[in-house]
Amino acid sequence: MPVMAPAPFPSHRPRRLRATPALRDLVAETEVSVTDLVAPLFVRDGIDAPAPITSLPGVSQHTVESLRREVGELAELGIRGVMVFGVPAVKDATGSQSCAADGIAQRAIAALRADVGDDVVIIADTCVDEYTDHGHCGIVDDQGRVDNDATLALYTAAAVAQVRAGAHMVAPSGMMDGQVAAIRAALDADGHHNIPVMAYAAKYASGHYGPFRDAVDVTIADGGDRKGYQQDWRNGREALVEVAADVAQGADIVMVKPAVAYLDVISQVRDMVDIPVAAYQVSGEYAMISAAAANGWIDGDVVALEHLTAIRRAGAGIIMTYFARWFAEGAGGQR
Ligand code: PBG
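Worth saying up front: this structure is predicted, and the values here are computed from it rather than measured. (Residues numbered from 1 in each chain as written. Predicted model: local features only at pLDDT ≥ 70, side-chain atom pairs only at ≥ 80, totals over all residues. Heavy atoms only, no water.)

Things to note about the overall build of the chain
Link 1 in the chain: Secondary structure assignment for the chain yields 11 helices and 10 strands.
Link 2 in the chain: At 21 Å, the chain has a C-alpha radius of gyration in line with the 20 Å of a compact globule built from 335 residues.
Link 3 in the chain: Buried residues in the chain amount to 49% of all 335 residues.
Link 4 in the chain: Considering only intrachain contacts with a sequence separation of at least 6, the fraction spanning at least 24 residues in the chain is 74%.
Link 5 in the chain: Just so you have it, the chain exposes about 15,400 Å², and 53% of that area is on carbon and sulfur atoms.
Link 6 in the chain: Charge separation in the chain, taken as the distance between the mean sites of 27 positive and 43 negative side-chain charges, equals 8 Å. (Helix = DSSP H or I, 4+ residues; strand = E, 2+ residues; numbered from the N terminus. Rg over C-alpha atoms; globule rule 2.2 N^0.38 Å. Buried < 20%, exposed > 50% of the residue type's maximum accessible area, 1.4 Å probe, protein only. Contact = heavy atoms within 4.5 Å. Areas by Shrake-Rupley, 256 points an atom, 1.4 Å probe, with all protein chains shown as cover. Lys, Arg positive; Asp, Glu negative; His and termini not counted. Charge placed at Lys NZ, Arg CZ, Asp CG, Glu CD.)

Points about the packing of helix 3 (residues 104-116) against helix 4 (residues 148-165)
Link 1 in the chain: Direction vectors running N to C along helix 3 and helix 4 enclose 25 degrees, while the axes themselves pass 8 Å from each other. Classified by the interaxial angle, the pair formed by helix 3 and helix 4 is roughly parallel. For the pair helix 3 and helix 4, the crossing hand works out as right-handed. Of helix 4, the residues touching helix 3 (which contributes Gln 106, Ile 109 and Ala 110) are Ala 161, Gln 162 and Ala 165.
Link 2 in the chain: The residue makeup of the contact of helix 3 with helix 4, split by class, is four nonpolar, two polar and no charged. (Axes fitted to C-alpha atoms, helices over the stretch in contact; angles between N-to-C directions. Parallel < 35°, antiparallel > 145°, perpendicular 65-115°, else oblique. Left-handed = near helix turned anticlockwise from the far one by under 90°. Nonpolar A, V, L, I, M, F, W, Y, C, P; charged D, E, K, R; others polar.)

A look at the site of the ligand
Link 1 in the chain: Taken together, 18 residues surround the ligand, and among them Asp 129, Arg 213, Lys 257, Ser 283 and Tyr 322 come closest.
Link 2 in the chain: One of the side-chain N or O atoms of Arg 213 is found 2.6 Å from an oxygen atom in the ligand.
Link 3 in the chain: The contact in question runs from a nitrogen atom of the ligand to an N or O atom on the side chain of Lys 257, over 3.2 Å.
Link 4 in the chain: Bound to the protein, the ligand loses 100% of the 400 Å² it would expose on its own. (Near = heavy atom within 4 Å. Polar contact = N/O pair within 3.5 Å; in protein donor to acceptor, adjacent residues only side chain to side chain.)

Focus: the nonpolar core
It is characteristic of soluble globular proteins that their nonpolar side chains tend to be buried jointly.
Link 1 in the chain: Counting 101 residues, the largest nonpolar core has Phe 42, Met 83, Leu 187, Met 198, Tyr 280 and Met 320 as the members making the most contacts within it.
Link 2 in the chain: What Phe 42 contacts, discounting residues up to four positions off in sequence, is Ile 53, Leu 56, Val 59, Ser 60, Gln 61, His 62, Leu 67, Phe 85, Phe 212, Ala 215, Val 216 and Tyr 322. (Core = buried A, V, L, I, M, F, W, Y, C linked by side-chain atoms within 4.5 Å.)

Quick look at the packing of helix 8 (residues 263-272) against helix 10 (residues 300-314)
Link 1 in the chain: It is the contact of helix 8 with helix 10, at a shortest axis distance of 8 Å, that shows an interaxial angle of 35 degrees. Taking contact as the criterion, the partners of Leu 263, Ile 266, Ser 267 and Arg 270 in helix 8 are, on helix 10, Ala 310, Ile 311 and Ala 314.
Link 2 in the chain: The residue inventory of the contact of helix 8 with helix 10, partitioned by class, reads five nonpolar, one polar and one charged.

Points about the pairing of strand 7 (residues 198-203)
Link 1 in the chain: Among the six residues in strand 7, six count as buried, and that is most of the element.
Link 2 in the chain: Pairing analysis gives five bridges linking strand 7 to strand 8 (residues 253-257), with the strands arranged parallel. For Lys 203, the partnering residue across the bridge sits in strand 8 and is Lys 257. (Pairing = 2+ DSSP bridges.)

This is how it looks when you write it as structure tokens:
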């Protein structure tokens, strides 16, 4: 038998599987589903009409009434989760409205729960920066530092108030050490053994939160930042330490935040844990896509879908995203 000449190319040629849209759909590894998405929503005390947020085009600070309409529409569109952020009329040093039974977030959560029952998972952001006059995520000591352990009492009180109001899940976002264990214990003590905790486990001191701070009217006092409690973006392995700590404390879901600049972290966390992994595509990520698209510099529909897919591909099963409604409405018809 004559020996066959070697093929000029390796016989595996990936382009064979890219020939038609149907073939591409057939072999696609990753699909973003509307049921993976959580819409972050803002409700503000003391306004009588929704107030658009300039740096988050298409997103508003809601009244309780307009929030109810929005969530009703999102439910109709198939969205399964909303994350509620409250903006109080009055802020103070300890963020006391975060745990008041009649605080804006609690009133909004109660109204939503009455409207949607269990059809949509109502997630409460459990933090205090939206409520403090200095803009930090906790109690500030006389040196200007955030006091970790004193802050835990605020978080537990807020979590209990949110769950009593009707939240299905709480999501502590303040990056205090021990916050998951403290909240778990407080919820259990109040009889809420079945309420899961979604931990913002690996949260970076990112430049991508700017528009969010407009959305919740937060300015950090004295030109401060959150580098003393949120993670340094030079560190990837440290995120795994944070995640392991939260899992050990009883987190039911762990989150990485922001998303696209931290796909490596999402991927490593996905490999490490066997509980659900979430990612938060934050305000600045949304704003960058929106602004470039508004200038005609990119096709916003394509890039938004590309980013959501990349976050999913990296391993996040749940995505908090300001694109939730847009996606549920048909994702710009793109694929
Ligand atoms: C803190 C919190 C922040 C975000 C969610 N929770 C801001 C921060 O840490 O400064 C940011 C979300 C976004 O940018 O979309 N409570």
